[in-house]
Amino acid sequence: MAVGIQSRVKSFFRTKLDKRRRTSNTPLEYESEKKRTASNPTPDSELATVYHQLDSLFFRLPIELRKIIYGLVWVGDYDHMYHVPNGRHIHFHDGHWVNMRCVIYPEDEELGFVQKNMDMIYDSGKGDLVMWQRRLSSTWGSRHWRCEERIQYGRQTSVDRTNFASMMLVCKRMYPEVVESIFESHQFLFNDLFSTHRFLVYQPSPFVSHIRHLDVTLNLPFHEYAPFITNTQRGRVREIWMALERLTCLHNLRISLDIYDRGPWRKLPERDLTELLLNLKVLNNFTLELPPPLPIKTHVSNMQNIHAHEQTPFQIVRRPSLRYWQFNPGEVERFTWEMHTKGQQSHCFITLAKDARHIPNPYLFDFSERR
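What you see is a predicted model, and the numbers here were worked out from it, not measured in a lab.

Peer 1: I'd like a description of the sheet that holds strand E6 (residues 285–290), backed by residues and values.
Peer 2: Hydrogen bonding along the main chain pairs the strands of a sheet, whether they run parallel or antiparallel. Ordered in space as E2-E1-E3-E4-E5-E6-E7, the seven strands form an open sheet in which the pairing is mixed. In this open sheet, the two strands that pair with only one neighbour each are strand E2 (96–101) and strand E7 (315–318). Taking the axes of each pair of neighbouring strands and ignoring which way they run, one obtains an average angle of 20° across the sheet.

Here you go:
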C-alpha cells in the first residue's frame with residue numbers, strides 16, 4: 001500500500017504540471033493576482049515564469065501535509081538495503097557538487113571492522129592485506145570506505161538517483177519548500193575538508209539552517225590542526241565549528257576527527273580542538289569520534305586529551321588502536337603498542353611482530369622548529 005501511495009504522489013507532480021486546475025472558490029490572493037496581471041499584460045513567453053500556482057489545489061493543503069507528501073517522494077527503491085537509508089554524501093568534484101548515496105552496512109558501524117578482516121587474512125595467509133590497508137588508512141574514516149571506493153573507482157548508478165532536480169523544477173512557488181524538505185529529510189555526510197568548508201562557510205546555501213542530520217569526517221594533515229596548538233584564531237576547521245554554531249535546529253550530529261600524515265601515530269590537540277564544540281546545540285544525538293587515547297610522547301604543547309570522566313554535550317567514542325600499517329611499499333606489517341613508564345609519565349612505542357627495527361615517533365619533531 002505504501003508503494004502505491006508513493007507512486008501516486010510522484011505521478012501527481014510528474015504529469016500535466018503546467019495544467020491549471022479550476023475551482024469554484026477562487027482565493028482572494030488569486031483575484032489580486034488576476035487584477036495585477038490584467039493591468040500589466042505579460043507576454044505569453046514569460047507567463048510560465050511569473051505564474052505562482054495560486055489556484056493549485058496542492059497549495060491549499062497545510063504546509064505540514066505538503067511536507068509529508070514531499071517525504072513520500074524522497075522514498076527510494078533501494079533505501080531498505082543500506083544502514084543509512086536517507087544518507088547522502090556531498091562533495092565538490094570537477095567544479096560542481098555531487099551527491100551520492102551512503103552505502104555502509106550495519107557491520108561498518110563497528111570501528112574495528114576493517115582490522116578484524118585484516119586479522120583473518122594475516123592469520124590465514126589468504127587475502128589482500130594491501131587492499132584492506134588502503135581501507136584502514138582511508139581519509140573518509142573507518143566507516144565509509146565503501147562509499148569512497150564507489151566514488152573513486154566507480155560512477156553513479158541507479159542507487160544514487162533522486163527526485164531532487166525534477167521536484168525543484170515543478171514551479172517557483174514549490175522550489176523553497178522542496179529544498180527545505182531535502183535539507184530536513186536527509187542526512188548530509190561530508191568526508192573532506194574542502195567540501196565541508198565550501199558548503200558550510202565559503203558558499204553556504206540560504207537553506208543550510210534547515211539541516212537536521214549531519215555527519216562530518218575530517219581526517220586531516222597535521223598542519224590543519226596547528227592553529228589550535230598555537231592559539232591562532234583562524235583556520236578552516238575553526239571556521240567550520242563556527243558555522244555549526246549557526247545551525248540551530250540540528251537533531252543529530254556526528255563528527256569524526258583524525259590525522260593521516262603521522263602514520264599509525266594518531267594524536268590530536270583534543271581539548272583546544274573541541275572547545276568550540278561545547279557550545280553546539282544538538283537536540284538528540286551528538287557523537288564525537290576520536291583516536292585511541294594512547295600516551296604518545298610529543299614535544300608539541302597543547303596536545304591534551306579529553307578524559308572520559310569530563311562532562312561534555314557530546315558522547316565520545318574512540319577508535320581501537322591501529323595494529324597494521326604499511327611502513328614499506330607493498331608490505332603490510334602487524335605490530336603492537338608497548339608502554340614505557342618512568343616515574344609518573346608513560347609513553348608508548350611500536351614493536352613489530354616479525355622485525356626488531358625501530359619505528360620513529362613523528363611527534364618528537366617539533367613542527368615549530370622545522371619551519
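From this point on, the discussion continues.
Peer 1: Tell me about the environment of Glu224, and please be specific about residues and values.
Peer 2: Tracing the chain through its elements places Glu224 in helix H11 (residues 222–229). With a relative accessible area of 11%, Glu224 lands in the buried category. Within the structure, the side chain of Glu224 is placed 2.5 Å from the side chain of Arg236, a separation counted as a polar contact.

Peer 1: Tell me what's going on with the sheet that holds strand E10 (residues 345–352), and back it up with residues and numbers.
Peer 2: Taken together, the three strands give an open sheet; going across it, the order is E8-E9-E10, and neighbouring strands pair in antiparallel fashion. Of all strands in the sheet, those bounded by a partner on one side alone are strand E8 (324–328) and E10. Within the sheet, the average angular offset between the axes of one strand and its neighbour, ignoring direction, is 50°. Pairing geometry for strand E9 (residues 331–342) and E10, over eight bridges, is antiparallel. When the bridges of E10 are listed, Thr341 appears paired with Ser346. Across the sheet, helix H6 (residues 129–136) is in contact with E8 and E9; its angle to E8 comes to roughly 105°.

Peer 1: Run through the pairing of strand E3 (residues 187–190), naming residues and quoting values.
Peer 2: Burial along E3 is two-sided: the face carrying Gln187 and Leu189 and the face carrying Phe188 and Phe190 are both buried. Taken together, the four bridges between E3 and strand E4 (residues 213–220) define a ladder with parallel strand orientation. Considered in E4, the bridge of Phe190 is made with Val216. Taking the sense of rotation as the criterion, the β-α-β connection linking E3, helix H10 (residues 193–202) and E4 turns out right-handed.

Peer 1: So what's going on with empty space enclosed by the protein? Residues and values would help.
Peer 2: In this approach a probe as big as a water molecule rolls over the atoms, and the regions it shows empty are the leftover space. If you walk through the whole model with that rule in mind, you get two cavities of 30 Å³ or more. When its volume is computed, the largest cavity comes out at roughly 240 Å³. Considering the residues around the largest cavity, the lining is formed by 22 residues, among which Leu136, Ser142, Asp258, Arg319 and Leu322 are closest to the centre. Contributions of two or more residues to the lining of the largest cavity are made by helix H5 (113–124), E4 and strand E5 (252–259). When grouped by side-chain class, the residues that make up the lining of the largest cavity number 10 nonpolar, eight polar and four charged.

Peer 1: Mind laying out the nonpolar core, listing which residues take part and the relevant values?
Peer 2: Leu214, Trp241 and Leu257 are the most contacted members of the largest nonpolar core, which has 78 residues in total. In contact with Leu257, other than residues within four places in its own chain, are Leu218, Tyr225, Trp241, Leu268, Leu273, Leu288, Glu289, Leu290, Pro291 and Arg319. Of all hydrophobic cores here, the second largest spans nine residues; its members include Tyr82, Val103, Trp140 and Cys147.

Peer 1: Please set out H11 residue by residue, giving values where relevant.
Peer 2: In an α-helix, one turn spans 3.6 residues; hence positions three or four apart end up facing the same way. The buried fraction of H11 amounts to seven of the eight residues, a majority that puts the element mostly inside the structure. Looking at the buried side of H11, the elements it contacts are H10, E4, helix H12 (236–245), E5 and helix H13 (270–273). Immediately beyond the C-terminal end of H11, within one or two residues, lies Asn231, with a positive phi of roughly 60°.

Peer 1: Go over the environment of Leu277, please, and point to the residues and values.
Peer 2: Within the secondary structure layout, Leu277 lies in the loop between H13 and E6. Here the alpha-carbon distance between Leu277 and Leu244, two residues 33 residues apart in the chain, equals 8.5 Å. Leu277 has contacts with Trp241, Ile255, Phe286, Leu288, Pro313 and Phe314, leaving out every residue within four places of it along the chain.

What counts, and where the lines are drawn
- Residues numbered from 1 in each chain as written.
- Predicted model: local features only at pLDDT ≥ 70, side-chain atom pairs only at ≥ 80, totals over all residues.
- Heavy atoms only, no water.
- Pairing = 2+ DSSP bridges.
- Helix = DSSP H or I, 4+ residues; strand = E, 2+ residues; numbered from the N terminus.
- Axes fitted to C-alpha atoms, helices over the stretch in contact; angles between N-to-C directions.
- Buried < 20%, exposed > 50% of the residue type's maximum accessible area, 1.4 Å probe, protein only.
- Polar contact = N/O pair within 3.5 Å; in protein donor to acceptor, adjacent residues only side chain to side chain.
- Contact = heavy atoms within 4.5 Å.
- Right-handed = clockwise from strand over helix to strand, strands pointing away.
- 1 Å grid on protein atoms, 1.4 Å probe; cavity = no way out; pocket = protein on both sides within 12 Å on 5 of 7 lines; lining within 4 Å.
- Points joined across faces, edges and corners; volume = space filled by probe spheres on them.
- Nonpolar A, V, L, I, M, F, W, Y, C, P; charged D, E, K, R; others polar.
- Core = buried A, V, L, I, M, F, W, Y, C linked by side-chain atoms within 4.5 Å.

On their own, these measurements won't tell you what the molecule is for.
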